[in-house]
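# Fold and contact review
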Amino acid sequence: MLISFSVSNYRSIKNKATLSLLPVKAFKELPDNVFKANDKINLLRSAVIYGANASGKSNLLRAFEQFVNFILSSTDMKIEQKISLFEPFLLDTQSNHKSVRFEVEFLNDEQIRYIYSVELKSLQIFKEELYSYPKGQKTKIFIRTKSKPIDYGTLIKGEKKSIEARLLNNQLFLSKGANENIMILQKVYKYFENNYF
């Protein structure tokens, strides 16, 4: 179940924009639109995106769709192939040279909460992070930062160093690791594969 999705510096979206399915506590109307997703999280059954024409509504949804597609197809990227997901905000001179950032928070089928974020440019993943909350505490699965070895948490098992050595700059470690049998990464990957909206 999707909790939230955020994007910044993408197409017409310059600053961070977030679609959140967390209910606002001060808003008491429509109580039937809220359900208990797990022991700690209540979510909205439905949400609406509204705003003026050309304010970025479609680009928020497009960002989510393209991000999921990139997660599922990242392992097909070739050396020096441009990442089509890199479409920065072009209406100021600085944004054009900054990375595009995506973050998704969700509950998988086992009701475990995950936060996955990616920062990228045309030819390179600059940062990739995955955290989970297996017992309510935020736990690092991995942090990948440009030009540094991947920082692994204790939850990630399996042959990760050889996968890291074969990882191209424009590929996601999540996708590569999931397709090479790292169990915890497969659980996250399958969320995107099976819960595509």
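Here the structure is shown first, and the text comes after it.
What comes next concerns the included structure.

### Here's the deal with the pattern of salt bridges
Evaluated as defined, the whole model comprises twelve salt bridges. For E87, the salt bridge identified is with R11, shortest N-O distance 2.7 Å. Within this pair, whereas E87 is found in the loop between α1 (57–73) and β5 (100–107), its partner R11 is found in the loop between β1 (2–8) and β2 (17–20), the two being separated by 76 residues in sequence. R11 sits in the partly exposed class, given a relative accessible area of 29%.

### Here we look at the sheet that holds strand β7 (residues 125–133)
What the seven strands build is an open sheet, ordered β2-β1-β5-β6-β7-β8-β9; its pairing is antiparallel. Each edge of the open sheet carries a strand with a single partner, namely β2 and β9 (151–152). Two strands pair when backbone bridges link them, and strand β8 (residues 139–145) and β9 are joined in this way by two bridges, in the antiparallel orientation. Considered in β9, the bridge of F142 is made with Y152. Its contacts with the sheet put α1 on β1, β2, β5, β6 (113–120) and β7, and the angle it makes with β1 is roughly 100°. Helix α4 (residues 183–194) contacts β1, β5, β6, β7 and β8 of the sheet and is inclined by roughly 95° relative to β5.

### Details of the pairing of β5
Among the eight residues of β5, seven are classified as buried, and the element is accordingly described as predominantly covered. Taken together, the six bridges between β1 and β5 define a ladder with antiparallel strand orientation. Residue pairing in the sheet places S8 in a bridge with R101 of β5. Relative to β6, β5 runs antiparallel, the two being bridged by eight bridges.

### Topic: unusual backbone geometry
What you tend to see is this: most non-glycine residues have negative phi, and most peptide bonds are trans. Here A54, not a glycine, exhibits a phi torsion of approximately 60°, which is positive. Structurally, the position occupied by A54 is in the loop between β4 (42–44) and α1. Relative accessible area serves as the criterion here: at 80%, A54 is assigned to the exposed category. Even without a glycine there, the phi angle at N181 is positive, about 70°. Relative to the helices and strands, N181 resides in the loop between α3 (173–178) and α4.

The rules we used
Residues numbered from 1 in each chain as written. Predicted model: local features only at pLDDT ≥ 70, side-chain atom pairs only at ≥ 80, totals over all residues. Heavy atoms only, no water. Salt bridge = Lys/Arg side-chain N within 4 Å of Asp/Glu carboxyl O. Helix = DSSP H or I, 4+ residues; strand = E, 2+ residues; numbered from the N terminus. Buried < 20%, exposed > 50% of the residue type's maximum accessible area, 1.4 Å probe, protein only. Pairing = 2+ DSSP bridges. Contact = heavy atoms within 4.5 Å. Axes fitted to C-alpha atoms, helices over the stretch in contact; angles between N-to-C directions.

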